[in-house]
Amino acid sequence: MLQGKKILLGITGSIAAYKSAVLARLLVKEGAEVKVIMTPAAHDFITPLTLSTLSRNPVLTQFAAADSGQWNSHVELGMWADVFLIAPASANTMAKCARGMCDNLLTAVYLSARCPVIFAPAMDLDMYNHPSTGSNMTMLEGRGNYIIPAATGELASGLTGQGRMTEPEHVVSYVNQFLDRHNSLSGEKIMVTAGPTREPVDPVRFLGNQSSGKMGLAITRELSLRGAEVKLILGPVGQVPVIPNTEIFNVVTASEMYGVSRKIFHDCKAAIFSAAVADYRPENVLSQKLKRKEESIDLKLVKNPDIAGELGKIKTSEQVTAGFALESSNALEHAREKLKSKYFDFIVVNSLEDEGAGFGHDTNKISILDKSGDWKDFPVKSKREVAMDIVDHLAGLL
């Protein structure tokens, strides 16, 4: 139930705006206090009178109310809400939010919002699948917003495909589950390692891997949403995000990651080792760029510290640790060995053989094996949804 929750409902110019009437009614029925903001384009699809009647509050459309001249403060609205739900979210509004444009009250409130923001996209399938829209949604998620994927079905254009705003009942269910998770780990200090490591060969070359850090960052965001105080030890990734309740320690090599982890670990209730750490490093790093002269060269490698294994040896009975196993064969057998050797409480297993899993994808397909021997498979999901499953498992142990 949403009893006592403050929901700011944003409605944009989409044919799916008719669903917002049902959505407003369901939110009120759940006990939420609902205020509605409409973009100018939304008026072409649904009237403010309908929404004010169903929400039991005046509908806000402009910075200054035309009838009374009262100022609608985007700052106060952004501070008032527990959740800002934009449903339907048109391609145009998501593009404006992603790029920081605020030419109407809704987008100005978005830039002022201190609460979580949830988008429920609605548009035709070609618009939804366009690279520009995908880039904007990725950017919005990367900044800590949440997106309810559009449903697949018959669209207003007569075409069939993905782009329908998900049904109001599903949106309400999503918001309920979202708020149930919110702050459920409040006060817990949790360490996360994420991204690749790079082991220098000379001033310009290094040994590395294809990890993007997306999975570890998704886990960090989910922990942050639930109120945890996160210590993120992050290898070199393309863009370092801003995540609430998170202290980021940027490292490059496995030895640097181990050094920072060892300092932080003892003060944390849990740790998730999601970084793709190099097992070996060059024994000697050249001070000058290596020139291509010989037909071949010998590069001697030495072992890097086993970060999870070493910290597992000193973990207390009150600490919970988890790691990842990316396998290409015999996944269960290797996962069991790693679970034991790293002293994990559970391990997240994925396979290079599964479509949509592994490095670089926005999706993942995992299984979870815990030290009791229980094995649970999950279907292919977005990395944000995978992070929810992983943090759910962690929260259950905590």
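Rules used in this analysis
Residues numbered from 1 in each chain as written. Predicted model: local features only at pLDDT ≥ 70, side-chain atom pairs only at ≥ 80, totals over all residues. Heavy atoms only, no water. Pairing = 2+ DSSP bridges. Helix = DSSP H or I, 4+ residues; strand = E, 2+ residues; numbered from the N terminus. Salt bridge = Lys/Arg side-chain N within 4 Å of Asp/Glu carboxyl O. Buried < 20%, exposed > 50% of the residue type's maximum accessible area, 1.4 Å probe, protein only. Polar contact = N/O pair within 3.5 Å; in protein donor to acceptor, adjacent residues only side chain to side chain. Axes fitted to C-alpha atoms, helices over the stretch in contact; angles between N-to-C directions.

S.K.: Would you explain the sheet that holds strand 2 (residues 33-38) in this entry?
M.R.: Within a sheet, adjacent strands bond to each other through the backbone by hydrogen bonds, running parallel or antiparallel. Spatially, 2-1-3-4-5 is the arrangement adopted by the five strands of the open sheet, whose pairing is parallel. Looking at strand neighbours, the two that pair on one side only are strand 2 and strand 5 (146-147), the edges of this open sheet. Note: strand 1 (residues 6-11) against strand 2, six bridges, orientation parallel. Bridging across to strand 2, Ile-7 finds its partner in Val-34.

S.K.: Help me out: how do you make sense of the pattern of salt bridges in this one?
M.R.: Pairing between side chains of opposite charge can happen when the charged atoms of each approach one another. Overall, the coordinates contain 18 salt bridges when judged by the stated rule. Two residues, Asp-267 and Lys-189, come together in a salt bridge whose shortest N-O distance is 2.9 Å. In this pair, Asp-267 sits in the loop between helix 10 (254-265) and strand 13 (270-273) while Lys-189 sits in strand 8 (residues 189-194), placing the two residues 78 residues apart along the sequence. Its relative accessible area of 26% is what places Lys-189 among the partly exposed residues.

S.K.: What's the story with helix 5 (residues 105-112) in this structure? I'm lost.
M.R.: Structurally, the α-helix is built with 3.6 residues per turn, so residues lying three or four positions apart point the same way. Helix 5 sits mainly inside the fold: six of its eight residues count as buried. Within helix 5, the full set of buried residues consists of Leu-105, Leu-106, Thr-107, Ala-108, Val-109 and Tyr-110. For helix 5, the side-chain oxygen to backbone nitrogen distance between the N-cap and Leu-106 is 3.1 Å, and the N-cap itself is Asn-104.

S.K.: Explain the sheet that holds strand 13 here, please?
M.R.: Read across the sheet, eight strands follow the order 12-11-8-13-16-17-19-20 without closing on themselves; strand pairing throughout is mixed. On the outer flanks of this sheet lie strand 12 (246-250) and strand 20 (375-377), each paired with one strand and no other. Direction aside, neighbouring strands of the sheet carry axes that sit 15 degrees apart on average. Sheet topology note: the strand 17 (residues 346-351)/strand 19 (residues 367-370) ladder contains four bridges and is antiparallel.

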